[in-house]
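Secondary and tertiary structure notes
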Amino acid sequence: GFVPGLFGTSHGALQFMAYEDLKMRYNKYRNRLSDTKLNTVEYIMMAAVSKIFAVSATYPYQVVRARLQDQHNTYSGVFDVIHRTWR
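As the structure is a prediction and not an experimental result, all values here were calculated from the model. (Residues numbered from 1 in each chain as written. Predicted model: local features only at pLDDT ≥ 70, side-chain atom pairs only at ≥ 80, totals over all residues. Heavy atoms only, no water.)

Segmentation of the chain into domains returns domain 1 (1–35) and domain 2 (37–86). Using C-alpha coordinates to define each centre, domain 1 is positioned 16 Å away from domain 2. Taken together, the contact between domain 1 and domain 2 spans 18 residues of the former and 16 residues of the latter. The contact between domain 1 and domain 2 buries some 1,400 Å² in all, and 68% of this surface belongs to carbon and sulfur atoms. If you sort the residues of domain 1 by the area they bury against domain 2, H11, Q15 and Y19 come out on top, with a joint share of 34%. The tally of links between domain 1 and domain 2 comes to four residue pairs in polar contact (both at pLDDT 80 or more). Where the side of domain 1 that touches domain 2 is concerned, the elements lending two or more residues are α1 (2–8) and α2 (10–29). The dominant element in the side of domain 1 that touches domain 2, judged by the number of residues it contributes, is α2, at eleven residues. Of the residues that constitute the side of domain 1 that touches domain 2, the class distribution is eight nonpolar, six polar and four charged. (Domains from an automatic or database assignment. Contact = heavy atoms within 4.5 Å. Buried area = accessible area lost by both parts, 1.4 Å probe. Polar contact = N/O pair within 3.5 Å; in protein donor to acceptor, adjacent residues only side chain to side chain. Helix = DSSP H or I, 4+ residues; strand = E, 2+ residues; numbered from the N terminus. Nonpolar A, V, L, I, M, F, W, Y, C, P; charged D, E, K, R; others polar.)

In structure tokens form, the structure reads like this:
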């Protein structure tokens, strides 16, 4: 439905937030201005780490959503899905 779909949009937002924060912190660590351009390897590393963060934060939601949509099992709600999945 609509509400689970809204939570799914958080993946991109989390990745973008992490990417920008990592770039800023990295430039500060390197004693550079915050808007200093990175080299190709640095950009790839920032993108990879931010993607890993976003996936780690949103993947559990994807599992719950997929199980709620499963027509072969009956759940009484989100907490039932979480409890049975954890078990």
